[in-house]
Every structure is written in C-alpha cells, then in structure tokens.
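Commentary on secondary and tertiary structure
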Amino acid sequence: MQIPWIDLENCISCGICISACPGVFRFNSKGKAECFESSGAPEKDIQSAIDACPVQCISWEND
Ligand code: SF4
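Quantities reported herein were computed from a predicted structural model and do not represent experimental measurements. (Residues numbered from 1 in each chain as written. Predicted model: local features only at pLDDT ≥ 70, side-chain atom pairs only at ≥ 80, totals over all residues. Heavy atoms only, no water.)

A separate point is the overall build of the protein. Broken down by element type, the protein carries two helices and four strands. When the helices and strands of the protein are read in sequence order from the N terminus, they spell out β-α-β-β-α-β. Computed over its C-alpha atoms, the radius of gyration of the protein comes to 10 Å, within 12% of the 11 Å expected for a compact globule of 63 residues. Dimensions of the protein, computed from C-alpha atoms along their principal axes, come out at roughly 25 × 20 × 20 Å. (Helix = DSSP H or I, 4+ residues; strand = E, 2+ residues; numbered from the N terminus. Rg over C-alpha atoms; globule rule 2.2 N^0.38 Å.)

Time to look at the environment of Ser19. Of note, Ser19 is situated in helix α1 (residues 16–20). We classify Ser19 as exposed; its relative accessible area is 62%. Between the C-alpha atoms of Ser19 and Gly31, which are twelve residues apart in sequence, the distance is 14 Å. (Buried < 20%, exposed > 50% of the residue type's maximum accessible area, 1.4 Å probe, protein only.)

Grouped together as the largest cluster of nonpolar side chains are 15 residues, with contacts concentrated most on Ile6, Cys17, Cys21, Val24, Phe25, Ile46 and Ile58. Secondary-structure elements contributing two or more residues to this core are α1 and α2 (43–52). Counting residues per element, this core draws most heavily on α2, which supplies three residues. Once you skip the residues sitting within four places of it in the chain, Cys17 turns out to touch Phe25, Ala33, Ala49 and Ile58. (Core = buried A, V, L, I, M, F, W, Y, C linked by side-chain atoms within 4.5 Å. Contact = heavy atoms within 4.5 Å.)

Another aspect to go through is the pattern of salt bridges. Applying the stated criterion across every chain, the model contains two salt bridges. Its salt-bridge partner being Arg26, residue Glu34 comes within 2.6 Å of it at the nearest N-O pair. Judged by its relative accessible area of 41%, Arg26 is partly exposed. Salt-bridge contacts for Lys44 lead to Asp45; the nearest nitrogen and oxygen are separated by 3.2 Å. (Salt bridge = Lys/Arg side-chain N within 4 Å of Asp/Glu carboxyl O.)

Shown next, in the form of structure tokens:
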C-alpha cells in the first residue's frame, strides 16, 4: 500500500493539501503538513493534492 509522505524541510505550510484532502492531511504542532489518515480520501484525490503542492514536497512511499 502507498502512503503520502511529506518532506517537512520543504513544506511551506500553505495548506493546499489540507484544503484538498482534509481527511488525509492536517497541520502538525509545528505548522507543517502531516498525513494522519492515508485512507482518508480516494487515491486520485490524494494524487491531486500531491500535484497541487507548490513545492512538490509530497510523494508516495510504500508502506
Ligand atoms: S501543499 Fe505542500 S507546501 Fe502546502 S502545506 Fe501541503 S505539503 Fe506543505
């Protein structure tokens, strides 16, 4: 199974991924995006969020 992985060094906290998939991504205590539920949206919607990230810091990782 694939899960979205976020490179926190590069996340600029824009919130686009969270707006796109609020059931998958949220802000962590440091204001960076985190994936809290990898099955919280259809894979195609997660892919759209990945594609929309302005700094392309989200990628798929094998679980
Ligand atoms: S879209 Fe990218 S830069 Fe914006 S909050 Fe999500 S991971 Fe961070």
